[in-house]
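Structure assessment
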Amino acid sequence: MNPPVSRHLIVVGAGIVGASVAYHAARAGATVTLVDAGQPGAGVTADSFAWVGASGVREGPAAALRATATTEYHRLGAELPGLPVTWSGSLVWNSQAGAPDAGPGQTIVDAPTVATLEPALRRPPEWAVWAPDDGAVDSVGVTERLVAGARAHGARIHLDTPVTGVRRDTAGRIAGVETAAGPLSGTTVVLAAGVATAALAAPLGVRVPVEPSPCPLFRFSAPAGLVRTVVNTEDFDLRQVAADRLIAAADSPERTLAAVRSTFRGAGRVELLSTRIGVRPMPADGEPVVGPVAEVPGLYLAVMHAAVTLAAAVGRLVARELVDGTAEPALSGCRLDRF
């Protein structure tokens, strides 16, 4: 189904996906209203590890989108100079014997090469997967830049304004949203509200199979230069975000702290600074849910796991669908009607 052309969009959710949709649509000439219950990126976006790359995903609808993630962020960085992205590359290894397989954009490297890339490692693995084009973003910083970019292209921004419902006209078409500050009118509503998307769609008779999934994120003090790349092992996803700070995505702060200290030389004084448990939206099959809803003309969904990774690509594609009315092949496997 081709999405209807829309020149008056309301985007619900100023996380990184909603901000990207709002920016790209406003840049394409649409009239855009972006509304959120809080501040840009203040929800689960702030709790993302924010690794940008294919991450070895080779199958499913998200695989092709992930394969373009780095290219799309480079494009976005050219449009929004100073975008807070660090292109460090990523290293992945585990304890399994033998050399792993390399996916798109990846190569297999040996222990001496790993030691060059991560010189503080106590025991470089025999083999690792090196993705030199991978990077990571300041997820809140990127979201704020996208919102500022949307505003610069004429978007109206309503923050600290909870959406309480989606409005329909007498013919059943989308007419806008109800908010705590009053109604907002629009011919298309894009629900990019993370875990709240299902609850907003339910009164319209639309079931969005997305469940909350906890995502722990730990922050540690660290000496400068301890970790040079994005590191993924059986113990953690780990990267350095400032001269004196690390973040890790893992299950246990205590085990992660012990693993960091045992993995890197000079990590004896690394200390846990904070623990946050975000709530990411996890579709039932793990793949993005993106596209128009046939039963409710004017309703469009944009909810997904790996939102930070996919945001630059998805925002551009969604804007093309809504502003130009073209069905993007890259999103064909992401439609709600697959459930």
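The following paragraphs examine the structure supplied in this document. Small disclaimer: the values here were computed from a predicted structure and weren't measured. (Residues numbered from 1 in each chain as written. Predicted model: local features only at pLDDT ≥ 70, side-chain atom pairs only at ≥ 80, totals over all residues. Heavy atoms only, no water.)

The next point concerns the packing of aromatic side chains. For the coordinates displayed, the defined rule picks out 0 aromatic pairs. Over the ring of Phe-49 we find Arg-239; its NZ or CZ atom is 5.5 Å from the centre of that ring. (Phe/Tyr/Trp six-rings, centres within 6.5 Å; stacked < 30°, edge-to-face > 60°. Lys NZ or Arg CZ within 6 Å of the ring centre and 35° of its normal.)

Within a regular strand, the side chains alternate between the two sheet faces. The buried fraction of strand 2 (residues 31-35) amounts to 4 of the 5 residues, a majority that puts the element mostly inside the structure. Pairing between strand 1 (residues 8-12) and strand 2: 5 bridges, direction parallel. From the neighbouring strand, His-8 faces strand 2, where its bridge partner is Thr-31. For the crossover that starts at strand 1, traverses helix 1 (residues 16-27) and ends in the parallel strand 2, the hand is right-handed. Looking at chain direction, strand 2 and strand 9 (residues 156-158) are connected through 3 bridges and run parallel. (Buried < 20%, exposed > 50% of the residue type's maximum accessible area, 1.4 Å probe, protein only. Helix = DSSP H or I, 4+ residues; strand = E, 2+ residues; numbered from the N terminus. Pairing = 2+ DSSP bridges. Right-handed = clockwise from strand over helix to strand, strands pointing away.)

Before going further, it helps to spend a moment on the sheet that holds strand 6 (residues 107-110). Strand order in the open sheet formed by 8 strands is 6-7-5-15-16-17-14-18, and the pairing between neighbours is mixed. Single-partner strands in this sheet number two, and they are strand 6 and strand 18 (272-283). With direction set aside, neighbouring strand axes in the sheet form an average angle of 25°. In this sheet, strand 7 (residues 127-131) lies alongside strand 6 in antiparallel orientation, the contact comprising 4 bridges. (Axes fitted to C-alpha atoms, helices over the stretch in contact; angles between N-to-C directions.)

Turning our attention to the side chain of Thr-70. Relative to the helices and strands, Thr-70 is located in helix 3 (residues 69-79). In this structure, Thr-70 is in contact with Val-52, Gly-53, Trp-87, Asp-133 and Asp-134, ignoring residues within four places of it in sequence. (Contact = heavy atoms within 4.5 Å.)

Attention shifts here to helix 3. Here helix 3 has its buried residues at Ala-69, Thr-70, Glu-72, Tyr-73 and Leu-76. Relative to the axis of helix 3, the buried residues are bounded by an arc of 160° and lie together on one face. The exposed set on the far side of helix 3, more than 90 degrees from its buried face, consists of Thr-71 and Ala-78. (Arc of directions from axis to C-beta.)

The strand order across the open sheet built from 3 strands is 10-11-12, with neighbouring strands paired in antiparallel fashion. Pairing within the sheet leaves two strands with one partner each, and these edge strands are strand 10 (163-168) and strand 12 (182-185). Between one strand axis and the next, the sheet turns through 25° on average, direction left out of account. Relative to strand 11 (residues 174-179), strand 10 runs antiparallel, the two being bridged by 5 bridges. Looking across to strand 11, one finds that Gly-165 is bridged to Glu-178.

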